[in-house]
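Here is how the chains run, residue by residue.
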Amino acid sequence: MLTVIIDARDDAQRLPALLAQLTAGAVDGLVRQVLIVAAGGQAGIADLCEEMGAEAHASLEAAAKAARADQLLVLPADFRLRDGWIGSLEGHLKRSSDGAVVSGLAEGGLFGRRPFGVLVERGRLEGRRGADLQRLRRDLGLRARRIG
């Protein structure tokens, strides 16, 4: 089981679509907890968290401290999961506890930007003040291993 941390500081409007996709992972038993990182006072975040059973936090570090699972899946709010994402993540978690980059669906067609998330152990995220996904991916050296 894993905790999903969604960084919604830049794009909270696309958050409901990702939360809806994560529901299948919760039903399947893969997703244990969903934490949302939001800037203070972002409109509607508290209501959305209450409606979806998530918790809001001010930073990735605070969310990592609140995580109940040892494995964290950190995603941007605009991330869209690929078909088969549950099986891909479960397979990776059974084979290894190593971190990985998780690829999302490309925006804008074949040559569009491909969003990514990071699968990482909670201990590797704790204590990283001011972290964002780009810096987290680079600092943790998660370049080669891809899931999704």
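The following refers to the structure shown. (Residues numbered from 1 in each chain as written. Predicted model: local features only at pLDDT ≥ 70, side-chain atom pairs only at ≥ 80, totals over all residues. Heavy atoms only, no water.)

All right, on to the overall build of the protein chain then. Scanning the protein chain from terminus to terminus reveals 6 helices and 7 strands. When its helices and strands are written in sequence order, the protein chain yields β-α-β-α-β-α-β-α-β-β-α-α-β. Looking at the protein chain as a whole, 46% of its 148 residues are labelled buried. Relative to all contacts within the protein chain whose residues are 6 or more apart in sequence, the contacts with residues 24 or more apart total 69%. For the protein chain, the exposed surface amounts to about 7500 Å²; the carbon and sulfur share of it is 47%. (Helix = DSSP H or I, 4+ residues; strand = E, 2+ residues; numbered from the N terminus. Buried < 20%, exposed > 50% of the residue type's maximum accessible area, 1.4 Å probe, protein only. Contact = heavy atoms within 4.5 Å. Areas by Shrake-Rupley, 256 points an atom, 1.4 Å probe, with all protein chains shown as cover.)

Take the pattern of salt bridges next. Taken as a whole and judged by the stated rule, the model has 3 salt bridges. Salt-bridge contacts for Arg9 lead to Asp7; the nearest nitrogen and oxygen are separated by 2.7 Å. The class of Asp7 is buried, set by a relative accessible area of 12%. Residue Asp70 pairs with Arg122 through a salt bridge whose shortest N-O separation is 3.0 Å. Taken together, the positions of Asp70 in the loop between helix H3 (60–66) and strand S4 (71–76) and Arg122 in helix H5 (residues 122–125) put the pair 52 residues apart, joining distant regions of the chain. Look at Asp70 and you get exposed, because its relative accessible area is 53%. (Salt bridge = Lys/Arg side-chain N within 4 Å of Asp/Glu carboxyl O.)

When two helices pack together, their arrangement is given by the angle between the helix axes and by the axis-to-axis distance. Where helix H1 (residues 15–28) contacts helix H4 (residues 85–95), the two axes come as close as 10 Å, and the packing angle between them is 50 degrees. Taken together, the axes of H1 and H4 are oblique relative to one another. Between H1 and H4 lies a crossing of right-handed hand. Two secondary-structure elements touch here, H1 through Gln21, Leu22, Ala24, Gly25 and Asp28 and H4 through Trp85, Ile86 and Glu90. Across the contact of H1 with H4, the residue classes break down as 4 nonpolar, 2 polar and 2 charged. (Axes fitted to C-alpha atoms, helices over the stretch in contact; angles between N-to-C directions. Parallel < 35°, antiparallel > 145°, perpendicular 65-115°, else oblique. Left-handed = near helix turned anticlockwise from the far one by under 90°. Nonpolar A, V, L, I, M, F, W, Y, C, P; charged D, E, K, R; others polar.)

This part covers the side chain of His57. Within the secondary structure, His57 is located in strand S3 (residues 55–57). Note on His57: relative accessible area 18%, which makes it buried. Of note is the side chain of His57, whose polar atom sits 3.4 Å from the side chain of Glu55. The residues touching His57, leaving out its near neighbours within four places in the chain, are Leu35, Ile36, Val37, Ala38, Ala62, Ala63 and Ala66. (Polar contact = N/O pair within 3.5 Å; in protein donor to acceptor, adjacent residues only side chain to side chain.)

Next up on the list: the packing of H1 against helix H2 (residues 45–52). Contact pair H1 / H2: the axes reach a minimum separation of 12 Å and the direction vectors enclose 15 degrees. One element, H1, and the other, H2, form an angle in the roughly parallel class. Note that H1 runs across H2; the crossing there is right-handed. Taken together, the residues of H2 that come into contact with H1 (itself represented by Leu15, Pro16, Leu19, Ala20 and Thr23) are Ile45, Leu48 and Met52.

Topologically, Gln71 is positioned in strand S4. Judged by its relative accessible area of 10%, Gln71 falls in the buried class. If we ignore the near neighbours within four places in the chain, the residues touching Gln71 are Met1, Leu2, Thr3, Leu93, Ser97, Leu119, Val120 and Glu121.

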